[in-house]
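Examination of the molecular architecture
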Amino acid sequence: MDAAGALARAGEPDDGLNGREREILAFERQWWKYAGAKEQAVKELFDMSATRYYQLLNGLIDKEEALAADPMLVKRLRRLRTVRQRARSARRFGFEPNGVEHR
């Protein structure tokens, strides 16, 4: 690593995550009360669409470094993702998530 890179990383933990990844994890620790508030904050803070943010988030929570950095948060986000994926699959195949079939 060159001197500029070393200076840029000074003060950052050596956890294998970059600054933006740490910011995303910190952002995800917050709770959002109002629909749309989180998406607006994503646009303002990260200068990206909500779709792109969630793409990055999904990749991030699959990283072992993220799990090591904040295990409770990453496990919670993984569980929520799994629940949403199952619900989408169930709807796609005509089943309600609770096991009731659509007719």
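Provided above is the structure to which this section pertains.
Fair warning: this is a prediction, and the values are worked out from it, not measured in the lab. (Residues numbered from 1 in each chain as written. Predicted model: local features only at pLDDT ≥ 70, side-chain atom pairs only at ≥ 80, totals over all residues. Heavy atoms only, no water.)

Together, Arg 84, Arg 88, Arg 91 and Arg 92 make up a positively charged patch on the protein surface. Considering the arrangement of structural elements, one finds Arg 91 in helix α6 (residues 71-92). (Patch = residues over 30% accessible without salt bridge, like charges linked within 9 Å, V, L, I, M, F, W, Y side chains within 5 Å. Areas by Shrake-Rupley, 256 points an atom, 1.4 Å probe, with all protein chains shown as cover. Salt bridge = Lys/Arg side-chain N within 4 Å of Asp/Glu carboxyl O. Lys, Arg positive; Asp, Glu negative; His and termini not counted. Charge placed at Lys NZ, Arg CZ, Asp CG, Glu CD. Helix = DSSP H or I, 4+ residues; strand = E, 2+ residues; numbered from the N terminus.)

Our next topic: the pattern of salt bridges. When charged atoms on two side chains of opposite charge get close, those side chains can pair. Tallying each qualifying case throughout the model produces five salt bridges. For Lys 63, the salt bridge is made with Glu 21, and the minimal N-O distance between the two is 2.7 Å. Of this pair, Lys 63 sits in the loop between α4 (50-61) and α5 (64-69) while Glu 21 is found in helix α2 (residues 19-28), placing the two residues 42 residues apart along the sequence. Given a relative accessible area of 27%, Lys 63 falls into the partly exposed group. Judged by relative accessible area, Glu 21 falls into the buried class, the value being 14%. Of the charged contacts in the structure, one is a salt bridge between Asp 62 and Arg 81, with a shortest N-O distance of 2.7 Å. Residue Asp 62 is located in the loop between α4 and α5, and its partner Arg 81 is located in helix α6; the two are separated by 19 residues in the primary sequence. (Buried < 20%, exposed > 50% of the residue type's maximum accessible area, 1.4 Å probe, protein only.)

The next subject is α4. Here α4 is twelve residues long and its end C-alpha atoms lie 16 Å apart, about the 16 Å a rise of 1.5 Å per residue gives. Residues of α4 that are buried: Tyr 53, Leu 57, Leu 60 and Ile 61. Down the axis of α4, the smallest arc covering the buried residues is 85°, so these residues share one side. Considering only its buried residues, α4 is in contact with α2, α3 (37-46), α5 and α6. (Expected span 1.5 Å × (residues − 1). Arc of directions from axis to C-beta. Contact = heavy atoms within 4.5 Å.)

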